[in-house]
Amino acid sequence: MRYTSLIFDFLRDWLRPGIHPVTVTPQGPERGEQVVLIHGLTHRAWVMRVLAAALSREGFLVQIFDYRTTRGTIGDHAEALRVYLGTLPPLPTHFVTHSMGGLVLRRLLLDPPPELNARRWVLLAVPNRGSPVATFWYRHWPWLRRLIQPLPELADTPDSAACRLPIPGRLPPFATIAADHDRLVPPHSSHLAGELDHRRVAGGHTFIMNRSETRKLLIAFLISGKFPESE
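Note that the coordinates shown come from a computational prediction; the quantities given were computed from them, not determined experimentally.

Cut-offs and rules
Residues numbered from 1 in each chain as written. Predicted model: local features only at pLDDT ≥ 70, side-chain atom pairs only at ≥ 80, totals over all residues. Heavy atoms only, no water. Axes fitted to C-alpha atoms, helices over the stretch in contact; angles between N-to-C directions. Helix = DSSP H or I, 4+ residues; strand = E, 2+ residues; numbered from the N terminus. Parallel < 35°, antiparallel > 145°, perpendicular 65-115°, else oblique. Contact = heavy atoms within 4.5 Å. Nonpolar A, V, L, I, M, F, W, Y, C, P; charged D, E, K, R; others polar. Buried < 20%, exposed > 50% of the residue type's maximum accessible area, 1.4 Å probe, protein only. Phe/Tyr/Trp six-rings, centres within 6.5 Å; stacked < 30°, edge-to-face > 60°. Lys NZ or Arg CZ within 6 Å of the ring centre and 35° of its normal. Pairing = 2+ DSSP bridges.

Peer 1: What is the right way to look at the packing of helix 3 (residues 74–85) against helix 4 (residues 100–108) in this model?
Peer 2: How two helices sit against one another is set out by the angle between their axes and by the gap between those axes. It is the contact of helix 3 with helix 4, at a shortest axis distance of 8 Å, that shows an interaxial angle of 70°. The orientation of helix 3 with respect to helix 4, classified from their angle, is roughly perpendicular. Residue-level inspection shows Ile74, Gly75, His77, Ala78, Leu81, Arg82 and Leu85 of helix 3 in contact with helix 4, the latter providing Met100, Leu103, Val104, Leu105, Arg107 and Leu108. For the contact of helix 3 with helix 4, the residue count by class is nine nonpolar, two polar and two charged.

The following block contains the structure:
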């Protein structure tokens, strides 16, 4: 079932033309802040819709960055993100990133836009130390790079882009969330120096953003700067 979902996501990413960013207006009392959601490899903006709805009910203006993940490098996507952020209202901005989306934002923040008013950031199953599955796929099926261009960048080898990406000197306050049964990005691979907290939730990698526990944790962090106490 997991591989069927990945193949379906890949086909969506590869075949759907154009870029389709999404804006979700606040449904609760407005906070005057926006949250930018950045999806991961083989996904498109649609995968963040459930999370976007939950954030809008908390009064956030939600922006979903849509990009064709398989058609460029992490650096290419970071530049596309830079252009996209320039189109958004000049509000205090939080980020929630899933998987490769976290590396895209890290790359951007090495040279952030001067007008960016970044507040807080939650990383969901981001391969900060690479992915063993990406390494396996790239080593055994090197032709996949023609279809999934950033695949070797996501490997858990010391020379991969994921492992060599510098940590920006001025990251917004951030916390990380990993999935207990994540084979693509094992929990130990999601740690990043400077994280204020690290939590694990039940389930796997692909739809971690849709778990109620994940939403509870990240909304609390965006509002208060800390996760709620474990029950």
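Peer 1: Looking at this model, I keep getting lost on helix 2 (residues 49–57). Mind explaining?
Peer 2: In an α-helix there are 3.6 residues to a turn, and that puts residues three or four apart on one side. All of the buried residues along helix 2 are Leu51, Ala52, Ala54, Leu55 and Ser56. In this structure, the buried residues of helix 2 make contact with strand 1 (22–24), strand 2 (34–38), strand 3 (61–65), strand 4 (93–98) and helix 7 (212–224). Of the residues flanking the end of helix 2, it is glycine 59, one or two places downstream, whose phi is positive at about 95°.

Peer 1: I keep staring at the packing of aromatic side chains and nothing clicks. Help me out?
Peer 2: Scanning the entire structure with this criterion turns up five aromatic pairs. Ring centres 5.8 Å apart and planes at 45° place the aromatic pair tryptophan 121 and phenylalanine 174 in the tilted group. Pair noted here: tryptophan 121 is in strand 5 (residues 118–124) and phenylalanine 174 is in strand 6 (residues 174–179), with a separation of 53 residues, a long-range link. The pair tryptophan 121 / phenylalanine 174 is uniform in exposure class, with both members buried. Members of the aromatic cluster, connected to one another through ring pairs, are Phe65, Tyr67 and Tyr84. Directly above the aromatic system of phenylalanine 60 lies the positively charged group of arginine 31, at a separation of 5.2 Å from the ring centroid.

Peer 1: Any chance you could explain the pairing of strand 6 here in plain terms?
Peer 2: Each regular strand shows side chains that alternate between the opposite faces of the sheet. Burial of strand 6 is extensive: six of the six residues sit out of reach of the surface. Neither face of strand 6 is open: one carries Phe174, Thr176 and Ala178, the other Ala175, Ile177 and Ala179, and all of them are buried. Inspection of the sheet shows strand 5 paired to strand 6 by four bridges, in the parallel sense. The residue of strand 6 that forms the bridge with leucine 124 is isoleucine 177. Of the pairings in the sheet, the one linking strand 6 to strand 7 (residues 198–201) comprises four bridges and is parallel in character. Residue pairing for strand 7: alanine 178 is matched across the bridge by arginine 200.

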